[in-house]
Amino acid sequence: MQSIPIPNINLPVPFSPEQASTFAPHVDALYVYLVTLTAFFTLAISAAIIFFAVKYRRRQAAELPRPIAGSMVLELTWTIIPLMIAMTIFVWGASIFFKAYRAPNQAMEIYVVGKQWMWKFQHATGQREINELHVPVNARVKLTMTTEDVIHSFYVPAFRIKQDVVPGRYLQTWFEATKPGRYYLFCTEYCGTNHSGMGGYVYVMEQAAYQQWLSGGTGTESAASQGMKLFQQRGCASCHQVEAGGQQGRGPTLYGIFGKQQQIEGGAAVTVDEAYIRESILNPRAKIAAGFQDQMPTFQGQLSEEQILQLVAYIRSLGPAAQRQGGATTGTQTTVGPTTGGVSPTTQRSNPVGPTDPRQGNASPQLPPAGNTGNANRQQ
Ligand code: CUA
């Protein structure tokens with residue numbers, strides 16, 4: 001899509017938020033188009049009303065208008081022109097929508113879990129953050145999102161992305177930030193008492209600063225590596241092979257399964273994606289892999305959404321490197337230790353007594369000073 005420049009006019013109230021992602025100019029251009037179109041028709045119709053009211057006003061008490069039998073030309077005109085205008089809005093809007101909600105294959109993976117009242121992020125490399133998200137500039141970042149409780153909505157105005165998170169489902173969106181800086185993110189779906197405090201910041205950093213940030217945390221472990229531990233602890237390994245060419249166990253071999261088509265009982269096939277893995281963990285009977293028995297117990301209520309995402313990351317990491325698409329990297333930082341990426345346990349509590357106010361930056365002690373432009377480094 002061509003980027004249409006938005007005139008930079010200094011209004012007392014900004015016309016739109018800062019543009020900080022590759023989508024932003026496209027969304028704004030469409031928005032300007034809609035506003036212009038609306039303004040044009042509002043003015044044109046108002047002017048026509050006034051003009052006709054004056055021109056065709058009744059001048060004598062007995063005056064009767066000439067009857068009109070209809071006009072095909074007029075009717076076609078006022079049908080076809082608005083249809084064409086409406087189609088421009090539809091086609092333009094749909095093309096931006098598909099771009100924004102179809103994540104590219106090559107992207108950094110970040111898992112997002114919404115919860116009353118906070119946003120929890122987990123990087124593929126294991127760093128975990130609450131109400132803060134650090135990402136590199138000029139990189140595609142794919143968010144796989146869900147919620148532990150009610151519906152929330154993830155919104156970063158400067159990126160022009162917004163996505164509801166729904167219990168029991170994975171939703172995806174993505175962005176590519178274009179400018180280092182700090183951008184407000186918040187929940188836009190009323191979700192209870194502290195809904196208004198459910199926000200934070202996205203920190204867009206230069207590559208070097210981001211790498212420094214990544215290595216600056218306390219002991220972290222990649223999401224896939226944490227998933228591998230869960231996989232052992234929960235006994236998954238007793239039925240599921242994870243090696244290439246291994247003997248098929250009681251359950252399907254998981255090596256290289258991510259992204260493949262899986263035949264299921266009943267003849268259909270499903271793509272092995274995040275949602276299918278999640279469903280198979282929580283409700284194994286729903287879609288049983290063809291040729292296997294209905295033997296797997298459910299893990300409903302035994303795993304948190306974050307743990308399920310770690311298992312997904314692990315299963316995703318099994319297979320040839322090319323297939324992983326940079327998603328889950330195992331074993332890069334496998335220091336055993338706290339796995340919260342420097343987030344103190346108190347800030348992880350559910351239902352905080354007072355609302356966290358991201359504007360005060362008190363959500364987390366290592367928050368860089370306000371106005372930070374990306375060269376943030378963690379003070380621990
Ligand atoms: Cu979460 Cu509003």
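Thresholds applied
- Residues numbered from 1 in each chain as written.
- Predicted model: local features only at pLDDT ≥ 70, side-chain atom pairs only at ≥ 80, totals over all residues.
- Heavy atoms only, no water.
- Phe/Tyr/Trp six-rings, centres within 6.5 Å; stacked < 30°, edge-to-face > 60°.
- Lys NZ or Arg CZ within 6 Å of the ring centre and 35° of its normal.
- Helix = DSSP H or I, 4+ residues; strand = E, 2+ residues; numbered from the N terminus.
- Buried < 20%, exposed > 50% of the residue type's maximum accessible area, 1.4 Å probe, protein only.
- Pairing = 2+ DSSP bridges.
- Axes fitted to C-alpha atoms, helices over the stretch in contact; angles between N-to-C directions.
- Expected span 1.5 Å × (residues − 1).
- Contact = heavy atoms within 4.5 Å.
- Patch = residues over 30% accessible without salt bridge, like charges linked within 9 Å, V, L, I, M, F, W, Y side chains within 5 Å.
- Areas by Shrake-Rupley, 256 points an atom, 1.4 Å probe, with all protein chains shown as cover.
- Salt bridge = Lys/Arg side-chain N within 4 Å of Asp/Glu carboxyl O.

Caption draft 1: Quick peek at the packing of aromatic side chains. Under the criterion given, the structure shown has 17 aromatic pairs. An angle of 80° between the planes, with centres 5.1 Å apart, marks the rings of Phe 40 and Phe 41 as edge-to-face. Aromatic rings pair up to connect Tyr 155, Tyr 184, Phe 186, Tyr 201 and Tyr 203 into one cluster. When the ring centre of Tyr 155 is taken as origin, the NZ or CZ atom of Lys 162, which lies over that ring, is 5.2 Å away. Between Arg 278 and the ring centre of Tyr 170, over which it is positioned, the NZ or CZ distance is 5.7 Å.

Caption draft 2: Spatial organisation of unusual backbone geometry. Here the residue pair Gln 116 and Trp 117 is connected by a cis peptide bond, since its omega of -5° sits within 30 degrees of zero. Tracing the chain through its elements places Trp 117 in the loop between strand 1 (108-115) and strand 2 (118-123). Of note, the phi angle at Asn 131 is positive, near 60°, even though the residue is not glycine. By relative accessible area, which is 3% here, Asn 131 ends up buried. In this structure, Arg 160 takes a positive phi of about 60° despite not being glycine. In this fold, Arg 160 is placed in the loop between strand 6 (152-156) and strand 7 (161-165).

Caption draft 3: Highlighting the sheet that holds strand 5 (residues 140-147). What the 5 strands build is an open sheet, ordered 3-2-1-5-8; its pairing is mixed. Because the sheet does not close on itself, it has two edges, and the strands there are strand 3 (128-130) and strand 8 (171-176). Between one strand axis and the next, the sheet turns through 25° on average, direction left out of account. Pairing of strand 5 with strand 8 involves 6 bridges; the strand directions are antiparallel. Looking at the pairing, Leu 143 lines up with Thr 173 of strand 8.

Caption draft 4: Layout of helix 1 (residues 24-55). A rise of 1.5 Å per residue sets the reference length of helix 1, with its 32 residues, at 46 Å; its end C-alpha atoms lie 46 Å apart and thus fit the reference within 8%. Listing the buried residues of helix 1 in full gives Ala 24, Pro 25, His 26, Asp 28, Ala 29, Leu 30 and Leu 37. In this fold, the buried residues of helix 1 make contact with helix 2 (72-101).

Caption draft 5: Just a nonpolar patch on the surface, in detail. A cluster of nonpolar residues, Met 72, Leu 76, Ile 80, Leu 83, Met 84, Met 87, Phe 90 and Val 91, forms a patch on the protein surface that exposes about 840 Å² of accessible area. Looking at the secondary structure, you find Met 72 in helix 2. Judged by its relative accessible area of 63%, Met 72 falls in the exposed class.

Caption draft 6: The environment of Thr 253, seen in detail. Secondary-structure assignment places Thr 253 in the loop between helix 4 (223-233) and strand 11 (261-263). Classification of Thr 253 by relative accessible area gives buried; the value is 19%. Each C-alpha atom, one on Thr 253 and one on Ala 237, is 9.9 Å from the other, the two residues being 16 residues apart in sequence.

Caption draft 7: Structural detail: the pattern of salt bridges. Enumeration over the complete set of coordinates arrives at 13 salt bridges. Notably, a salt bridge pairs Glu 18 with Lys 179, separated by 3.2 Å at the nearest N-O pair. Remark: Lys 179 occurs in the loop between strand 8 and strand 9 (181-187) and Glu 18 occurs in the segment before helix 1; sequence separation between them is 161 residues. Taking relative accessible area as the criterion, Glu 18 reaches 44% and is therefore assigned partly exposed. Since its relative accessible area comes to 35%, Lys 179 is described here as partly exposed. As a salt-bridge pair, Glu 305 and Arg 278 come within 2.5 Å of each other at their nearest N and O atoms. In this pair, Glu 305 is assigned in helix 6 (residues 305-317) and Arg 278 in helix 5 (residues 274-282), connecting sequence segments 27 residues apart. Arg 278 carries the same exposure label as Glu 305, and that label is buried.

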